[in-house]
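Residue-level structural notes
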Amino acid sequence: MSTLGIQDLSVEGKRVFVRVDFNVPVDERNEITDDTRIRAALPTIEYLMGQGAKVILASHFGRPKGKDERYRMDVVARRLSDLLHRQVIKADDCVGDEPKRLIEKMKPGEALLLENVRFHPEEEKNDPGFARQLAELADVYVNDAFGAAHRAHASTAGMAGLLPSAAGFLMQKEVSALGKVLSNPDKPFMAIIGGAKVSDKIQLLENFLSRVNTLAIGGGMANTFFKAQGFEVGKSLVEENHLDFARRLIDAASRQGVRLLLPGEVVVADRMAADASTRVVSPREVPEGWMILDIGPKAVDQFAQAVRESRTVFWNGPMGVFEIPAFAAGTEGMARAVASAPGTTVVGGGDSVAAIEKFGLAGHITHISTGGGASLEFLEGKELPGVAALAAK
Ligand code: ADP
Ligand code: MG
């Protein structure tokens, strides 16, 4: 099984269809609030433009049900033009005569953005006829949309079988960085898993258990592990139906010689609010009716010590309700510890990446995955359709 990269193809003068992930967040005035995803695709786009390809970009944007003016991608085309310092042509559809005519008129080295592929319901159905219509626009297919690679859609998977195909630079970088975490991380290898719920992370925990030397669990999901050990955790978020899973994981870790770290100190509050009363206590001493909303300073030290001893650290999931300043210190402390780790550091997951960026530490992390759901599925050990489709030939 081998996958070509764009650097392996000759693209000069060719029409190159590039599936990117331009699904950026916008505010109520339809202004882009974070253009990380657009920036992440620039290396591929600039390379192809420099090689003299006609660069045809396509993405989904939001969750429109059919054609919907609010999800037109003009705002994305404008931002991309700014970032490239070159005018990007914008098509009003992603298939048919209009984009064909525009592509016909393009000069080598120019870029064009097709309209939202989700304006056609056939996209998400991976409809073969629709994939063919998309493929008709180009000579070569490139997938750089790692963030959409967990979806088997026409533009993320179906098209790959119809044209010579290759992975863009972002796709290559994500697959190699996350692949290394899974298959040959430098040891000792530590994973820090947090976030709200155990149920979101069961497969991740199971897949990591046999690979890590140290597993640190924080965030809301630690509560279920506290409860599983018989601690009273008041009104904390607990998933009663996963207490057994938590017990099994604790046992499996000890059988397999994995050091399992649970926070030895937590921040509790009488309610989830910015002006709540708070205390720092042992997880064995949560006052009745109070709730755990962050890990305490001693837990940050405990996890940070293990980070310093590791050569690979993977982090997913905030340590507390970091959206509220009173419960953000654990996540910030963890972010700082990971940012100053001596070895390779990889951070994945929408909220964890947002936290790293919020604290201005992105530049100190070896690899920040742009993937969100795709990163998690990859790390759960699942085959991503978008990645598999590139390797199939
Ligand atoms: P990611 O997007 O990085 O994978 P998750 O989506 O799993 O992370 O979890 C993020 C959410 O977890 C945040 O909204 C945060 O407020 C919440 N969270 C963290 N700790 C707690 C806690 N102790 N109680 C309730 N919610 C929590
Ligand atoms: Mg999340």
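The text that follows walks through the structure, step by step, so that each part is easy to find. Just so you know, these numbers come straight off a predicted model, no measurement behind them. (Residues numbered from 1 in each chain as written. Chains lettered and ligands numbered in written order. Predicted model: local features only at pLDDT ≥ 70, side-chain atom pairs only at ≥ 80, totals over all residues. Heavy atoms only, no water.)

With that settled, the discussion passes to the overall build of the protein. Of the regular secondary structure elements, the protein holds 14 helices and 15 strands. Taking 393 residues into account, the globule formula puts the C-alpha radius of gyration at 21 Å, and the protein, at 23 Å, falls close to it. Overall size of the protein, expressed as C-alpha extent along the three principal axes, is 70 × 45 × 35 Å. Here the protein holds 393 residues, and 58% of them are scored as buried. At a minimum sequence separation of 6, the contacts of the protein that also span at least 24 residues come to 72%. On the protein, roughly 16500 Å² of surface is accessible, and the fraction owed to carbon and sulfur atoms is 48%. The averaged location of the 51 negative side-chain charges in the protein is 2 Å from the averaged location of its 46 positive side-chain charges. (Helix = DSSP H or I, 4+ residues; strand = E, 2+ residues; numbered from the N terminus. Rg over C-alpha atoms; globule rule 2.2 N^0.38 Å. Buried < 20%, exposed > 50% of the residue type's maximum accessible area, 1.4 Å probe, protein only. Contact = heavy atoms within 4.5 Å. Areas by Shrake-Rupley, 256 points an atom, 1.4 Å probe, with all protein chains shown as cover. Lys, Arg positive; Asp, Glu negative; His and termini not counted. Charge placed at Lys NZ, Arg CZ, Asp CG, Glu CD.)

This next bit is on the sheet that holds strand β15 (residues 367-368). Read from one edge to the other, the open sheet built from 6 strands follows the order β9-β8-β7-β13-β14-β15, with strand pairing classed as parallel. Two strands lie at the open edges of the sheet, namely β9 (259-261) and β15, each paired on one side alone. As defined by bridge partners, strand β8 (residues 214-217) adjoins β9 across 3 bridges and the pair is classed as parallel. Looking at β9, one finds that T214 is bridged to R259. (Pairing = 2+ DSSP bridges.)

Glancing now at helix α7 (residues 202-209). Along an α-helix, residues three or four positions apart point the same way, because every turn accommodates 3.6 residues. Of all 8 residues in α7, 6 are buried; the element is thus mostly enclosed. All of the buried residues along α7 are I202, L204, L205, N207, F208 and L209.

On to the pairing of β8, then. The side chains of a regular strand alternate, first on one face of the sheet and then on the other. Neither face of β8 is exposed, since T214 and A216 on one face and L215 and I217 on the opposite face are all buried. Once you follow strand β7 (residues 189-193) into α7 and on to β8, the crossover reads as right-handed. (Right-handed = clockwise from strand over helix to strand, strands pointing away.)

The full set close to ligand 1 counts 17 residues, and A196, K201, E323, D351 and S352 are the nearest of them. Residue K201 places a side-chain N or O atom 2.7 Å away from an oxygen atom belonging to ligand 1. One nitrogen or oxygen atom from the side chain of S352 is found 2.4 Å from an oxygen atom belonging to ligand 1. Mapped by element, the contributors of at least two residues to the shell around ligand 1 are β12 (291-295) and α12 (350-358). (Near = heavy atom within 4 Å. Polar contact = N/O pair within 3.5 Å; in protein donor to acceptor, adjacent residues only side chain to side chain.)

Applying the stated rule across the entire model yields 22 salt bridges. Residues K227 and E240 are paired through a salt bridge, measuring 3.0 Å at the closest nitrogen-oxygen approach. With K227 in helix α8 (residues 221-228) and E240 in the loop between α8 and α9 (243-256), this pair connects stretches of sequence that are 13 residues apart. Judged by its relative accessible area of 25%, K227 falls in the partly exposed class. (Salt bridge = Lys/Arg side-chain N within 4 Å of Asp/Glu carboxyl O.)

Bringing the packing of α7 against α9 into the picture now. Between α7 and α9, the least distance of the axes is 11 Å, while the angle of their chain directions is 10°. With respect to their mutual orientation, α7 and α9 come out roughly parallel. Where α7 abuts α9, its residues I202, L205, E206 and L209 lie against F245, L249, A252, A253 and Q256. Counted by class, the contact of α7 with α9 contains 7 nonpolar, 1 polar and 1 charged residues. (Axes fitted to C-alpha atoms, helices over the stretch in contact; angles between N-to-C directions. Parallel < 35°, antiparallel > 145°, perpendicular 65-115°, else oblique. Nonpolar A, V, L, I, M, F, W, Y, C, P; charged D, E, K, R; others polar.)

One pass over the full model with this rule turns up 7 aromatic pairs. Ring centres 5.9 Å apart and planes at 50° place the aromatic pair F189 and F208 in the tilted group. Of this pair, F189 sits in strand β7 while F208 is found in helix α7, placing the two residues 19 residues apart along the sequence. Across the pair, F208 and F189 agree in class, each one buried. Connected via pairs of aromatic rings, a cluster forms that spans F189, F208 and F314. (Phe/Tyr/Trp six-rings, centres within 6.5 Å; stacked < 30°, edge-to-face > 60°.)

Ranked by size, the top nonpolar core spans 73 residues in total, and within it F208 and L215 carry the most contacts. The element that contributes the greatest number of residues to this core is α9, accounting for 6 residues. Residues within four places of L215 in sequence aside, it is in contact with A191, I193, L205, L209, L249, V258, R259, L260 and L261. (Core = buried A, V, L, I, M, F, W, Y, C linked by side-chain atoms within 4.5 Å.)

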